[in-house]
Amino acid sequence: MVLTVYGFALTAGTRRVTLVCKELNIPYGFVVVNLAAGEHKTPAYLEKQPFGQVPAIDDDGFKLYESRAIGRYLSAKAGSPLLPNFDPKKLAEFEVAASIEYSNFDPYASKIAFERFVKPLRGLVTDEAVVAQTLASLTAKLEVYEVILGKQKYLAGDEITLADLFHLPYGSILVQVGADVFSTPNLKRWWNDISSRPSWQAVKDSA
Amino acid sequence: MVLTIYGFAPTAGTRRITLICKELNIPYEFVVVDLAAGEHKTPAYLEKQPFGQVPAIDDGGFKLYESRAIGRYLAAKAGSPLLPNSDPKKLAEFEVAASIEYSNFDPFASKIAYEKVFKPVQGLATDEAVVAECLAALTAKLEIYEVILGKQKYLAGDKITLADFFHLPYGSILVQVGFDVFSTPNLKRWWNDISSRPSWQAVKDSA
């Protein structure tokens with residue numbers, strides 16, 4: 001029985017999951033949740049994801065949501081080193097990197113994506129003051145990424161993990177909307193590496 | 001060799017891990033990082049935590065930071081069911097709950113705590129508009145918690161996990177500053193349960 005992914009391809013969370021499926025060669029059926037039509041707030045969808053957010057999965061009857069939880073589940077199931085759970089210290093270092101992504105990257109990157117990418121799609125006006133302030137905060141955090149990536153190849157160590165891949169959806173939107181945030185040497189090396197992976201190329205513009 | 005925690009007791013991240021140490025009966029040595037004196041930005045501290053944040057730990061030479069990563073590491077090391085890694089589906093459901101905490105609770109709760117507690121301590125003025133906006137957003141999210149907690153005892157299922165504990169520091173601040181956010185029946189039951197645990201009582205006012 002195949003994995004079903006419920007989502008909307010342009011959203012970060014959905015692409016985080018389809019990206020991991022491509023990395024792990026997991027076949028999936030993609031069911032579009034029509035956000036514009038408010039499908040994510042219907043009782044039928046709320047059964048899958050009570051917060052009314054995308055994505056959600058159904059893996060042969062086992063239902064999950066929250067893209068980073070789904071990513072961990074699929075990697076563990078595949079026995080993939082993207083989730084290095086074979087060694088307690090490597091796993092701990094992975095969890096540090098995964099925590100860095102949602103503490104120090106996601107809050108700022110998602111806000112910029114909302115202002116510069118989502119709002120125009122809805123006919124709303126970008127608040128450039130918010131963008132500037134948020135970009136300044138993100139840039140300061142990425143200066144620390146530059147230090148970390150000067151000592152090791154990827155965020156959790158010298159092997160790529162989910163923590164690196166989790167940055168791809170919002171990171172790509174930042175680049176797309178003209179925020180050249182991965183410009184210093186180590187960041188540039190790391191970003192080029194992860195963004196050129198075939199798995200990301202396969203899902204970045206579609207599901 | 002005893003675990004060393006570098007932190008500042010009134011901060012959420014620090015209390016998140018001293019709480020877990022108490023819960024797991026892990027002895028630790030607490031080293032104060034003097035935030036007011038800017039100690040977290042010194043080169044010596046940045047070696048432990050490159051983002052200049054608290055807490056950080058040193059476990060017999062193994063260094064980690066990010067409180068939720070530290071919590072997972074300590075629980076796994078202790079073989080504790082607070083991190084239910086013996087069963088892939090239970091682990092996945094835990095990761096959903098842990099992701100809910102940082103996606104749907106922490107962004108709003110931490111902002112309210114910053115405006116109502118940490119700004120005044122630094123002599124800065126609270127932005128009540130931000131507080132009101134965050135409280136409205138948080139209340140909407142907690143309505144979903146009420147639904148989830150009507151079907152199961154804790155956020156990941158019928159056993160308590162780290163995901164429940166992670167809510168204690170900011171949840172307590174919300175209550176302290178007068179926001180009765182855990183007032184509906186299931187939230188109230190859950191909050192009274194987790195906040196009355198001896199481990200939280202032991203660290204809530206100190207390290």
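Each chain carries its own residue numbering, running from 1 in the written order of its sequence. By the order in which they are written, chains take letters starting at A while ligands take numbers starting at 1. Restriction of local features to residues with pLDDT of at least 70 applies here, the model being predicted, together with a cutoff of 80 or more for giving and counting side-chain atom pairs; totals for whole chains, interfaces and linings are based on all residues. The side-chain values count all of the structure's non-hydrogen atoms but skip hydrogen atoms and water molecules.

*Asks:* Would you mind showing me how to read the sheet that holds strand 4 (residues 62-65) of chain B here?
*Replies:* Residues and elements named next belong to chain B. Taking strand neighbours across the sheet as the criterion, the four strands line up as 2-1-3-4 in an open arrangement whose pairing is mixed. Strands at the two margins of the open sheet, each flanked by one partner only, are strand 2 (28-32) and strand 4. The mean inter-strand angle of the sheet, taken between neighbouring strand axes irrespective of direction, is 20°. Two elements, strand 3 (residues 56-59) and strand 4, share four bridges in a ladder whose sense is antiparallel. When the sheet's bridge partners are listed, Asp-58 is paired in strand 4 with Lys-63. Strands were regarded as paired on the criterion that DSSP finds at least two bridges between them. Secondary structure follows DSSP: runs of H or I at least 4 residues long count as helices, runs of E at least 2 residues long count as strands, and numbering of each begins at the N terminus. Interaxial angles span 0 to 180 degrees and are taken between N-to-C directions of axes, which are lines fitted to C-alpha atoms, for helices over the stretch in contact.

*Asks:* Whenever I open this one, the layout of surface pockets confuses me. Can you help?
*Replies:* Take a probe with the size of a water molecule and roll it over the atoms, and the empty space left behind shows itself. Residues and elements named next belong to chain B. When its volume is computed, the second largest pocket comes out at roughly 730 Å³. Cavities and pockets are found on a 1 Å grid laid over the protein atoms alone: a cavity is a set of points where a 1.4 Å probe fits but cannot escape, a pocket is an open set with protein on both sides within 12 Å along at least five of seven lines, and a lining residue has an atom within 4 Å of such a point. Surrounding the second largest pocket, 28 residues form its lining, Glu-93, Ile-148, Gln-152, Leu-155 and Ala-156 being those nearest its centre. In terms of residue count, the dominant contributor to the lining of the second largest pocket is helix 4 (residues 88-121) (six residues). Each residue receives one of three labels: charged for Asp, Glu, Lys and Arg, nonpolar for Ala, Val, Leu, Ile, Met, Phe, Trp, Tyr, Cys and Pro, and polar for the others, Gly being one of them. For the lining of the second largest pocket, the residue count by class is 17 nonpolar, three polar and eight charged. Grid points are joined across faces, edges and corners, and a volume is the space filled by probe spheres set on the points.

*Asks:* What is the right way to look at the packing of aromatic side chains in this model?
*Replies:* Each pair of aromatic rings is reported with the distance of its centres and the angle of its planes. Pairing of aromatic rings covers Phe, Tyr and Trp, the last through its six-membered ring, and needs centres within 6.5 Å; plane angles under 30 degrees mean stacked, over 60 mean edge-to-face, and all others mean tilted. Under the defined criterion, the tally for this structure stands at 17 aromatic pairs over all chains. Relative to Tyr145(A), the ring of Phe105(A) lies with its centre 6.5 Å away and its plane at 45°, an arrangement referred to as tilted. Linking Phe105(A) in helix 4 (residues 88-121) with Tyr145(A) in helix 5 (residues 128-151), this pair joins segments that are 40 residues apart in sequence. Each member of the pair, Phe105(A) as well as Tyr145(A), carries the same accessibility label: buried. Pairing Phe62(B) with Tyr73(B) gives two aromatic rings, centres 5.3 Å apart and planes at 55°, and the pair type is tilted. Residue Phe62(B) is located in strand 4, and its partner Tyr73(B) is located in helix 3 (residues 67-77); the two are separated by 11 residues in the primary sequence. Each member of the pair, Phe62(B) as well as Tyr73(B), is classed as buried. Taken together, the aromatic side chains of Phe51(A), Tyr65(A), Phe105(B), Tyr145(B), Phe182(B), Trp190(B) and Trp191(B) make up a single cluster linked through ring pairs. Two limits define a charge over a ring: the Lys NZ or Arg CZ must be within 6 Å of the ring centre, and within 35 degrees of the ring normal. The aromatic ring of Tyr6(A) is capped on one face by Lys48(A), whose charged end is 4.7 Å from the ring centroid. Between Arg68(A) and the ring centre of Phe166(A), over which it is positioned, the NZ or CZ distance is 6.0 Å. Buried residues are those whose accessible area, probed at 1.4 Å on protein chains only, stays under 20% of the maximum for their type, while exposed residues exceed 50% and partly exposed ones sit between those limits.

Fair warning: the whole summary comes from geometry, so function is off the table for now.
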